[in-house]
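Chain by chain, the residues run as shown.
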Amino acid sequence: MRRPVLFTRCCYFVCLMTVFIVTPLAANDKKTEPTNAAEAAAKKAEQAAAINKKFAEWKATLSPEQQAWETVLEENLGGFYLPIYKKQKVQGVVTAWDYVADDPNLPRVLLIGDSVSRGYTQAARKALKGKANVHRAPANCGPTATGLKKLDVWLGDGKWDVIHFNFGIHDRRTPAAEYEQRLDEIVKRLKKTGATVVWASSTPIPADWKEGPEMKTKLEEKNAIAAKVMKDNGVEIDDLYAFILPHLSETQNPKDVHFNGKGYNMLGQQVAKHIEGTLEKRDQK
């Protein structure tokens, strides 16, 4: 049976369009997208090398003091956060870990804590502008076990007027007795600096977080233990848990321990408010 001429010509036209439209796209994709794991790894390594080169070039333009700070960050941020930080810096992004050039007429404040603390650092720094030099520990500080190992690095050689710190979410699985002992050791070490030490209670873990509702309970238990340690050591408490709890629906990311921009801004404002009050009381002594 002969096909109609119109049908044959239409098929020919479709085939031609496929050649001219689909083939060039496939060729172009092949040039830009890796086709296997080895190519993907090679491309990732190439991109990382380019960022490292730009970061090194940027670092070389800095003052000796700032270069020293960048070296500390390179030695302490780790395999996850360091590449992110380097990429941000070569793009000109302002970060919580940026070098702080102290105003000698202002008190020095150190923030120690995990990614939640890092999230509110810039808001706290902005709120305390002209009132305090607000520094941040050169790490995502993690659990108390890491704190005991790294405190000397985080404290550096300078004098601190206020140290605002937290360990909690990363200690959610730490046995209660170990958490209490480690936290007590950390508090005593921080107080030896002569700074006024302020404990920040850990912000809530939602019941529907990926690790299960028991994590919410474990964190609340850690906050209770921390409150006891702080009372025994005469340490102030900035109760961020109670502060942010009524606002979780509008500030905390769904099924996550982290916060959106509004949440971090609110937390940063609260931290700044507490630190400012602490500095005022310190000046009155």
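The shown structure was predicted, so the numbers you read here are calculated from the model rather than taken from an experiment. (Residues numbered from 1 in each chain as written. Predicted model: local features only at pLDDT ≥ 70, side-chain atom pairs only at ≥ 80, totals over all residues. Heavy atoms only, no water.)

Student: Please explain the overall build of the protein chain as it appears in this structure.
Tutor: Summing up its helical and strand segments, the protein chain has 11 helices and five strands in all. Considering the protein chain as a whole, with its 285 residues, one finds that 41% of them fall into the buried category. Summarising the internal contacts of the protein chain: among those between residues at least 6 apart in sequence, 74% fall at separations of at least 24. Accessible area of the protein chain: about 16100 Å², with a carbon and sulfur share of 57%. (Helix = DSSP H or I, 4+ residues; strand = E, 2+ residues; numbered from the N terminus. Buried < 20%, exposed > 50% of the residue type's maximum accessible area, 1.4 Å probe, protein only. Contact = heavy atoms within 4.5 Å. Areas by Shrake-Rupley, 256 points an atom, 1.4 Å probe, with all protein chains shown as cover.)

Student: Help me out: how do you make sense of empty space enclosed by the protein in this one?
Tutor: A water-sized probe, rolled over the atoms, reveals where empty space remains. Counted under the stated rule, the structure contains one cavity of 30 Å³ or more. What lines the largest cavity is Asp114, Val116, Ser117, Tyr120, Asn166, Ile169, Ala200, Ser201, Ser202, Thr203 and Leu240. Considering each element in turn, the lining of the largest cavity owes the most residues, three residues, to helix 5 (residues 115–127). A breakdown of the residues in the lining of the largest cavity according to their chemical character gives five nonpolar, five polar and one charged. (1 Å grid on protein atoms, 1.4 Å probe; cavity = no way out; pocket = protein on both sides within 12 Å on 5 of 7 lines; lining within 4 Å. Points joined across faces, edges and corners; volume = space filled by probe spheres on them. Nonpolar A, V, L, I, M, F, W, Y, C, P; charged D, E, K, R; others polar.)

Student: Would you explain the pairing of strand 1 (residues 108–112) in this entry?
Tutor: Side-chain positions along a regular strand alternate between the two faces of the sheet. Strand 1 sits mainly inside the fold: five of its five residues count as buried. Of the two faces of strand 1, the one holding Arg108, Leu110 and Ile112 and the one holding Val109 and Leu111 are both buried throughout. In this sheet, strand 2 (residues 133–136) lies alongside strand 1 in parallel orientation, the contact comprising four bridges. Each residue of the ladder has a partner; that of leucine 111, found in strand 2, is arginine 136. The parallel pair strand 1 and strand 2, bridged by helix 5, forms a crossover whose chirality is right-handed. Relative to strand 3 (residues 162–165), strand 1 runs parallel, the two sharing four bridges. Looking at the pairing, isoleucine 112 lines up with phenylalanine 165 of strand 3. (Pairing = 2+ DSSP bridges. Right-handed = clockwise from strand over helix to strand, strands pointing away.)

Student: Explain the sheet that holds strand 2 to me, please; I cannot follow it from the model alone.
Tutor: Consider a sheet: its strands pair through backbone hydrogen bonds, and that pairing is either parallel or antiparallel. Strand order in the open sheet formed by five strands is 2-1-3-4-5, and the pairing between neighbours is parallel. Edge positions in the sheet fall to strand 2 and strand 5 (236–238), since each of these pairs with one other strand and no more. The average angle at which neighbouring strand axes cross in this sheet is 25°, direction not considered. Summarising the sheet, strand 3 and strand 4 (residues 196–200) pair through four bridges and their orientation is parallel. (Axes fitted to C-alpha atoms, helices over the stretch in contact; angles between N-to-C directions.)

Student: What is the right way to read the nonpolar core from this model?
Tutor: Here is a general trend for soluble globular proteins: nonpolar side chains tend to be buried in one another's company. Tyr120 and Leu267 are the most contacted members of the largest nonpolar core, which totals 28 residues. Counting only elements with at least two residues in this core, the list comes to strand 1, helix 5, strand 4, helix 8 (214–233), helix 9 (240–244) and helix 11 (261–284). In terms of residues, this core owes the most to one element, helix 11, which gives seven residues. The contact partners of tyrosine 120, leaving out residues within four places of it in the chain, are His164, Ala200, Leu240, Tyr264, Leu267, Gly268 and Val271. Listed in part, the 25 residues of the second largest apolar core include Ala137, Leu183, Ile186 and Val235. (Core = buried A, V, L, I, M, F, W, Y, C linked by side-chain atoms within 4.5 Å.)

Student: How should the environment of isoleucine 237 be read in this particular structure?
Tutor: By the secondary structure assignment, isoleucine 237 is in strand 5. Through-space distance from the C-alpha of isoleucine 237 to that of valine 198 is 5.7 Å; in sequence the pair is 39 residues apart. Isoleucine 237 has contacts with Trp199, Ala227, Met230 and His274, leaving out every residue within four places of it along the chain.

Student: Where do I start with the confidence of the model for the protein chain in this structure?
Tutor: As a general rule, the predicted coordinates of low-pLDDT regions are not to be interpreted in detail. Overall, the predicted model of the protein chain reaches an average pLDDT of 91, with 88% of residues at or above 70. The low-confidence segment residues 1–30 (pLDDT under 50) makes four contacts with residues lying over four places distant or belonging to another chain. (pLDDT = per-residue confidence, 0-100.)

Student: I'm lost on the side chain of serine 117 in this one. Help?
Tutor: Turning to its location among the elements, serine 117 is positioned in helix 5. A residue is classified by how much of its surface remains accessible, and serine 117, at 2% relative accessible area, is buried. There is a polar contact of 3.0 Å between the side chain of serine 117 and the side chain of arginine 136. When sequence neighbours within four positions are dropped, the list of residues in contact with serine 117 reads Leu111, Ile112 and Arg136. (Polar contact = N/O pair within 3.5 Å; in protein donor to acceptor, adjacent residues only side chain to side chain.)

Student: What am I meant to see in the packing of aromatic side chains here?
Tutor: Think of a pair of aromatic rings as described by two things: how far the centres are apart, and how the planes are tilted against each other in angle. Applying the stated criterion to the full structure yields eight aromatic pairs. Ring centres of phenylalanine 165 and phenylalanine 167 lie 6.2 Å apart, and the angle between their planes is 65°; on these two criteria the pair is classed as edge-to-face. Note on accessibility: phenylalanine 165 and phenylalanine 167 belong to one class, buried. With a centroid separation of 5.8 Å and an interplanar angle of 70°, the aromatic rings of phenylalanine 259 and tyrosine 264 are classed as edge-to-face. Chaining the aromatic ring pairs together yields one cluster made of Trp154, Phe165, Phe167 and Trp199. For lysine 222, the ring lying beneath its charged end belongs to tyrosine 179, and the centroid distance is 5.9 Å. (Phe/Tyr/Trp six-rings, centres within 6.5 Å; stacked < 30°, edge-to-face > 60°. Lys NZ or Arg CZ within 6 Å of the ring centre and 35° of its normal.)

Student: Whenever I open this one, helix 4 (residues 78–90) confuses me. Can you help?
Tutor: For an α-helix the count is 3.6 residues per turn, leaving residues at separations of three or four pointing the same way. Given a rise of 1.5 Å per residue, 13 residues ought to cover 18 Å, and the 18 Å separating the end C-alpha atoms of helix 4 matches this to within 8%. Within the sequence span of helix 4, burial applies to Tyr81, Leu82, Tyr85, Lys86 and Lys89. Mapping the buried residues of helix 4 onto a view down its axis gives an arc of 135°, with all of them on the same face. Summarising the geometry of helix 4, the exposed residues directed more than 90 degrees from the buried face are Gly79 and Phe80. Along its buried surface, helix 4 packs onto helix 2 (37–59), helix 3 (64–76) and helix 5. (Expected span 1.5 Å × (residues − 1). Arc of directions from axis to C-beta.)

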